[in-house]
Amino acid sequence: LFPYTTLFRSGIVAHLFRYADCLLLLAEAKALLGEDIAAEINAVRERAYGKEYFEANKATVAYPNDKGDFYTNNPFVAGDENPVEAVLKERLRELMYEGKRWYDIRTLGYTEKYSTANSSRLLWPIDANTLTNNKELKQTPGYTTDNKE
């Protein structure tokens, strides 16, 4: 592979994924299929905590034993009981500040549970030029076509 800076100067469009993101995407797919997600989540946690700490504290930090205080009574994060929500929690922790949370909860249908977003604004409006050029299109519900919103 190219060095990171060379890649961006070359004009090549590349999407870079961290290994933890790939593991969590696999865990998400397994959770949706009803399969066990422990191996993927624990691989991410072991890397984050360090192998020695993780091995010494598996009873409290390994999936599905994580019951940290931050997650008690927090309306935006679930526990480890539901595998899909456990993956969302792990993605929240691991990918914080990478701009993926909204897409995670939106894709899995958890926007009303884990955000304060207005349900009428979950879809983007169609721009006026597109609506003008294609009379068959209708504006996204919740938006008007007279440029007031």
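Residues numbered from 1 in each chain as written. Predicted model: local features only at pLDDT ≥ 70, side-chain atom pairs only at ≥ 80, totals over all residues. Heavy atoms only, no water.

**What about the packing of helix 2 (residues 19–33) against helix 6 (residues 83–94)?**
Move 1: Between helix 2 and helix 6, the shortest axis-to-axis distance is 9 Å and the interhelical angle comes to 165 degrees. Looking at the two axes, helix 2 sits roughly antiparallel to helix 6. Relative to helix 6, the crossing made by helix 2 is left-handed. Contacts between helix 2 and helix 6 involve Ala20, Asp21, Leu24, Leu25, Ala27, Glu28, Ala31 and Leu32 from the former and Pro83, Val84, Val87, Glu90, Arg91 and Glu94 from the latter.
Move 2: Of the residues assigned to the contact of helix 2 with helix 6, the class counts are 9 nonpolar, no polar and 5 charged. (Axes fitted to C-alpha atoms, helices over the stretch in contact; angles between N-to-C directions. Helix = DSSP H or I, 4+ residues; strand = E, 2+ residues; numbered from the N terminus. Parallel < 35°, antiparallel > 145°, perpendicular 65-115°, else oblique. Left-handed = near helix turned anticlockwise from the far one by under 90°. Contact = heavy atoms within 4.5 Å. Nonpolar A, V, L, I, M, F, W, Y, C, P; charged D, E, K, R; others polar.)

**Thoughts on the confidence of the model for the protein chain**
Move 1: Taken as a whole, the protein chain shows an average pLDDT of 82; of its residues, 81% reach a score of 70 or greater.
Move 2: Within the protein chain, no element has a lower average pLDDT than helix 1 (residues 4–9), which sits at 60, and none a higher one than helix 2, at 95. (pLDDT = per-residue confidence, 0-100.)

**Thoughts on the nonpolar core**
Move 1: One finds Ile37, Ile41, Tyr63, Val87, Leu88 and Tyr110 to be the most contacted residues of the largest nonpolar core, which totals 18 residues.
Move 2: Those elements that provide at least two residues to this core are helix 2, helix 3 (38–49) and helix 6.
Move 3: When residues of this core are assigned to their parent elements, the largest contribution, 5 residues, is made by helix 2.
Move 4: Residues within four places of Val87 in sequence aside, it is in contact with Leu24, Ala27, Glu28, Ala31, Ile37 and Ile41. (Core = buried A, V, L, I, M, F, W, Y, C linked by side-chain atoms within 4.5 Å. Buried < 20%, exposed > 50% of the residue type's maximum accessible area, 1.4 Å probe, protein only.)

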